[in-house]
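Spelled out, the chains give:
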Amino acid sequence: MQMFRKLCVGFMVLAAANLLAMPAVQAAGETLEIVTKRGHLKCGVSQGLPGFSTPDNRGNWTGIDVDFCKAIAAAIFNDPSKVKFTPLSAKERFTAIQSGEVDIIARNTTWSMHRDTALGIDFPVVNYYDGQGFMVRADLGVTSALELDGATLCTNQGTTTELNAADYFRANGMQYEIVAFEKADESIAAYNSGRCDAYTTDHSALYAQKLKLSQPKAHIVLPEIISKEPLGPLVRQGDSSWNDLVRWTHYATVAAEELGVTSKNIDKMKASSNPSVRRLLGLDGSFGSNLGLSKQWAVNILRAVGNYGEIFERNVGVKTPLGIQRGVNALWTKGGLQYAPPIR
Amino acid sequence: MHRDAVLQALVLVAVVAGMVWLVGNVQSNLERQNINSGFGFLSERAGFGINQTLIDYTEDDSFGRVVVIGLLNTLLVSILGILFATLLGFSLGVARLSRNWLISKIAMVYIEIFRNVPLLLQIMFWYFGVLRNLPSPRQALSVGDAMFISNRGIVVPWLEAGAGAMWYGLGLLALAAGFIWLRRRALNAKLTSGQPTQVWRPLLVLALALFGAAAVMAGVPFALDVPQLKGFNFRGGVTVIPEFVALLLALSLYTAAFIAEIVRSGINSVNKGQREASAALGLPESLALRLVVIPQALRVIIPPLTSQYLNLTKNSSLAVAIAYPDIVSVLAGTTLSQVGQAVEIIFVTMMIYLSLSLFTSWAMNRYNQRMAFVGNAT
Ligand SMILES: N[C@@H](CCC(=O)N[C@@H](CS)C(=O)NCC(=O)O)C(=O)O
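**Comments concerning a nonpolar patch on the surface**
All names here are of chain B.
Part 1 of the argument: On the surface, Phe39, Phe347, Met351, Leu354 and Leu358 cluster together into a nonpolar patch covering about 470 Å² of accessible area.
Part 2 of the argument: The residue Phe347 is located in helix α11 (residues 342-377) in this model.
Part 3 of the argument: Classification of Phe347 as partly exposed rests on a relative accessible area of 43%.

**Points about the sheet that holds strand β1 (residues 41-45) of chain A**
All names here are of chain A.
Part 1 of the argument: Taking strand neighbours across the sheet as the criterion, the three strands line up as β4-β1-β5 in an open arrangement whose pairing is parallel. Single-partner strands in this sheet number two, and they are β4 (83-87) and β5 (104-105).
Part 2 of the argument: Taken together, the two bridges between β1 and β5 define a ladder with parallel strand orientation. Looking at β5, one finds that Cys43 is bridged to Ile104.

**Some remarks on the pairing of strand β3 (residues 153-156) of chain B**
All names here are of chain B.
Part 1 of the argument: Bridge analysis of strand β2 (residues 147-150) against β3 gives three bridges, and the strand direction is antiparallel. Across the sheet, residue Ser150 finds its bridge partner in β3, namely Gly153.
Part 2 of the argument: Count of turn residues in the β2/β3 antiparallel hairpin: two residues.
Part 3 of the argument: Looking at chain direction, β3 and strand β8 (residues 238-240) are connected through three bridges and run antiparallel. Note that in β8 the partner of Val155 across the bridge is Thr239.

**Considerations on the sheet that holds β3(B)**
Residues and elements named next belong to chain B.
Part 1 of the argument: Strand order in the open sheet formed by four strands is β1-β2-β3-β8, and the pairing between neighbours is antiparallel. Each of the sheet's edge strands pairs with one partner strand only, and the pair in question is β1 (141-143) and β8. Strand-to-strand twist in this sheet, taken as the mean axis angle between neighbours without regard to direction, amounts to 20°.
Part 2 of the argument: Here β1 pairs with β2 via three bridges, running antiparallel. Its bridge partner lying in β2, Leu141 is registered against Ile149.

**A few points about the interface of chain B and chain A**
Part 1 of the argument: Each partner contributes residues to the interface: chain B has 53 residues there, and chain A has 54 residues.
Part 2 of the argument: Between chain B and chain A lies a buried interface of about 4,300 Å² when both sides are counted; carbon and sulfur atoms form 53% of it.
Part 3 of the argument: Taken as a group, B:Gln33, B:Phe232 and B:Gln338 account for 17% of the area that chain B buries against chain A, more than any other trio of residues on that side.
Part 4 of the argument: In this assembly, chain B and chain A are joined by five salt bridges.
Part 5 of the argument: Among the ionic pairs, B:Arg152 bridges to A:Asp197, the shortest N-O distance being 3.1 Å.
Part 6 of the argument: If you look at where chain B meets chain A, you find 15 residue pairs in polar contact (both at pLDDT 80 or more).
Part 7 of the argument: Among the secondary structure elements, those contributing two or more residues to the side of chain B that touches chain A are α1 (2-32), α4 (119-133), β7 (233-235), α7 (242-269), α10 (327-339) and α11 of chain B.
Part 8 of the argument: By residue class, the composition of the side of chain B that touches chain A is 25 nonpolar, 19 polar and nine charged.

**Quick word on the state of the cysteines**
All names here are of chain A.
Part 1 of the argument: Inspection of the entire model under this criterion finds two disulfides over all chains.
Part 2 of the argument: Note that Cys154 is cross-linked by a disulfide to Cys196, the S-S spacing being 2.1 Å. Disulfide Cys154 to Cys196: torsion about the S-S bond roughly 75°, handedness right-handed. Of this pair, Cys154 sits in strand β9 (residues 151-156) while Cys196 sits in the loop between α7 (184-192) and β11 (198-202); the two residues are 42 residues apart in sequence, bridging distant segments of the chain. Across this residue pair, the class does not change: Cys154 and Cys196 are buried.
Part 3 of the argument: If the cysteines joined by disulfides in chain A are listed in sequence order, their pairing comes out as 1-2, 3-4.

**Quick notes on the confidence of the model for chain B**
All names here are of chain B.
Part 1 of the argument: Within chain B, residue pLDDT values average 90, and 98% of them lie at 70 or more.
Part 2 of the argument: Between the elements of chain B, mean pLDDT differs from a low of 82, seen in strand β4 (residues 158-161), to a high of 97, seen in helix α2 (residues 63-96).
Part 3 of the argument: Confidence estimates for the predicted assembly give a pTM of 0.86 and an ipTM of 0.85.

**Describing helix α6 (residues 160-171) of chain A**
Residue and element names in this part refer to chain A.
Part 1 of the argument: Compared with the 16 Å implied by 1.5 Å per residue over twelve residues, the 16 Å span of α6 between its first and last C-alpha is a close match.
Part 2 of the argument: Looking only at α6, the buried set comprises Thr160, Thr161, Glu162, Asn164, Ala165, Ala166, Tyr168 and Phe169.
Part 3 of the argument: Where α6 ends, the next residue or the one after it, Gly173, has phi of about 60°, a positive value.

**Some thoughts on the domain arrangement of chain A**
Residue and element names in this part refer to chain A.
Part 1 of the argument: Taken as a whole, chain A is organised into domain 1 (23-129 + 229-334) and domain 2 (132-221).
Part 2 of the argument: Its C-alpha centre places domain 1 at a distance of 29 Å from the equivalent point of domain 2.
Part 3 of the argument: Between domain 1 and domain 2, the residue contacts involve 19 residues of the former and 16 residues of the latter.
Part 4 of the argument: Here domain 1 and domain 2 share an interface that buries about 1,400 Å² over both sides, 56% of which is from carbon and sulfur atoms.
Part 5 of the argument: In this assembly, domain 1 and domain 2 are joined by one salt bridge.

Rules behind the numbers
- Residues numbered from 1 in each chain as written.
- Chains lettered and ligands numbered in written order.
- Predicted model: local features only at pLDDT ≥ 70, side-chain atom pairs only at ≥ 80, totals over all residues.
- Heavy atoms only, no water.
- Patch = residues over 30% accessible without salt bridge, like charges linked within 9 Å, V, L, I, M, F, W, Y side chains within 5 Å.
- Areas by Shrake-Rupley, 256 points an atom, 1.4 Å probe, with all protein chains shown as cover.
- Salt bridge = Lys/Arg side-chain N within 4 Å of Asp/Glu carboxyl O.
- Helix = DSSP H or I, 4+ residues; strand = E, 2+ residues; numbered from the N terminus.
- Buried < 20%, exposed > 50% of the residue type's maximum accessible area, 1.4 Å probe, protein only.
- Pairing = 2+ DSSP bridges.
- Axes fitted to C-alpha atoms, helices over the stretch in contact; angles between N-to-C directions.
- Contact = heavy atoms within 4.5 Å.
- Buried area = accessible area lost by both parts, 1.4 Å probe.
- Polar contact = N/O pair within 3.5 Å; in protein donor to acceptor, adjacent residues only side chain to side chain.
- Nonpolar A, V, L, I, M, F, W, Y, C, P; charged D, E, K, R; others polar.
- Disulfide = S-S within 2.5 Å.
- pLDDT = per-residue confidence, 0-100.
- Expected span 1.5 Å × (residues − 1).
- Domains from an automatic or database assignment.

Listed below in structure tokens is the structure:
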């Protein structure tokens with residue numbers, strides 16, 4: 001009896017480990033098929049970063065990254081609500097996509113070479129160009145990051161932030177101490193209670209996290225940007241059609257802004273004789289079906305979330321509490337980096 | 001008997017075969033998904049900072065060294081936690097049985113509170129509660145201008161040991177051995193002849209002799225490194241970070257409540273006659289407890305005490321919530337997300353915990369056997 005029980009336990013452990021050992025490996029086209037059959041998209045987001053992905057007071061997820069997943073759901077199902085959001089900490093995210101727990105991650109994640117080439121994941125596109133910065137108490141009297149020699153920094157563990165901080169202080173011959181938390185809420189709370197002289201993360205997140213402080217006005221963001229943080233969605237490697245779908249979902253919103261198509265004027269725009277507009281809106285060509293979607297794919301995206309400019313202004317723009325300028329995220333025609341290859 | 005052995009051998013073969021198959025399967029799957037595999041990352045440059053390192057560390061060191069640093073940090077908080085929880089737990093357990101109503105009730109209230117509030121909450125409470133009320137380094141509370149308390153932690157002066165410090169180390173070891181021997185001699189004398197024997201005076205003489213000898217051998221190879229405020233923070237001395245203090249406090253206070261209950265039931269399990277007999281022999285209450293009751297109670301106490309020690313060690317992994325760099329935080333947290341190899345890293349983490357647990361169980365079992373033997377013989 002004792003023996004039998006031990007055997008059973010042994011086999012259970014084996015079975016569990018086996019599950020762990022066989023993550024879904026997908027071939028081209030499979031992800032879209034699985035998502036369509038399931039009836040909703042599984043999307044990994046942050047645990048709460050205002051402007052990017054955060055539950056509002058009614059429990060609905062909002063933010064740029066949330067809109068990204070809604071746009072994909074709109075493209076597939078013509079229904080932006082067909083998404084199940086999974087909050088993930090920085091350290092959980094890559095395992096979650098590798099193991100097939102989610103179909104896509106849109107979680108202010110930096111596209112870096114190591115992540116792209118060693119983790120079995122792909123970054124189809126950049127939906128927000130960012131860089132790392134520092135926030136300090138205004139009364140500290142510091143005006144530049146170069147004055148931070150000997151400072152203590154609060155941040156999140158498992159991020160590019162940790163590595164950039166190490167590089168920056170070393171390159172400038174400065175000392176520092178780092179206190180790295182698993183969750184963003186705890187790292188900002190520790191900074192708020194005086195554990196650290198500076199809080200460091202992506203610039204956009206500094207503005208977002210600042211809102212969680214007890215006196216946001218008593219803190220300033222230092223001017224230095226010490227790294228490149230191209231933030232974008234990521235998918236499992238191996239399904240290049242899914243990769244295409246994600247990439248062109250973003251480009252559709254950028255192209256729409258370029259062409260002046262918005263969520264409001266989209267019906268009027270259908271009467272446009274501009275060939276570029278007609279191709280985007282599925283009036284000419286078979287762009288949707290080449291992605292495995294309907295002709296209306298871009299129309300559905302734009303109706304649901306609007307063009308890139310609308311998404312930006314609604315979630316993080318100057319009229320939101322975050323108050324971020326378009327800056328490098330302006331269209332290439334306005335001196336920014338957002339640029340969609342031609343839809344033709 | 002024979003059939004049993006065959007069956008066990010068969011199971012062993014099955015398990016090993018299963019493992020081999022599993023490892024192969026994992027590897028081919030990872031390869032197919034283009035995920036790096038293997039343990040090569042251990043020798044790569046870590047590139048991130050850690051806020052408490054018991055051995056030297058810079059960003060240039062390898063992930064392998066990060067593993068050692070995390071392990072040492074886990075050991076530090078666990079060993080001290082076990083020590084404090086045991087001392088406090090035994091005192092509380094005895095106090096709980098005190099005939100003094102007030103003492104017994106205070107112990108009871110403590111036990112009920114600390115046993116029933118989730119540990120993570122207690123950790124957060126100590127961390128944020130204490131942190132919020134501490135001044136910044138520039139307004140630090142100073143103890144004799146040598147020790148400073150601020151929201152960066154407790155900075156204390158440190159002895160910088162130069163060459164020759166080893167002689168002092170040897171002296172200390174000899175002194176400890178001398179102390180144990182003197183105590184044992186005194187106890188034996190008391191039990192056999194009832195005569196009190198000197199302990200402290202010979203110890204003092206021994207200490208003077210040993211350190212005199214060390215000073216002759218090596219001079220005074222120590223320099224005091226006193227912390228000083230420079231810019232944002234103190235430099236010099238040794239800093240005890242708030243994350244460590246909060247975690248140690250929470251783990252010790254929480255586990256002490258469970259140990260108190262174990263000690264109480266252990267003492268209750270000792271036959272009342274034993275206590276009465278000690279009283280009849282004229283042993284004062286405290287000695288009766290120490291020499292008669294507790295040694296017998298230990299046989300009941302040790303097995304559940306062992307599992308409390310294991311719990312404390314495993315609970316120390318809640319460190320990650322407050323940024324204490326224990327093994328789970330630096331290995332299964334930072335290293336895992338920087339390297340991305342979940343399977344290997346979780347495996348190493350599990351193996352480390354398994355080894356710690358097995359070692360603790362083994363050591364406690366040895367101790368238990370000794371206690372059980374002594375108990376039965378008398
Ligand atoms: N872009 C960086 C940092 C991303 C990151 O995790 N930032 C933190 C700090 S603001 C965050 O978003 N936390 C939100 C959360 O933990 O849910 C990376 O990809 O490593």
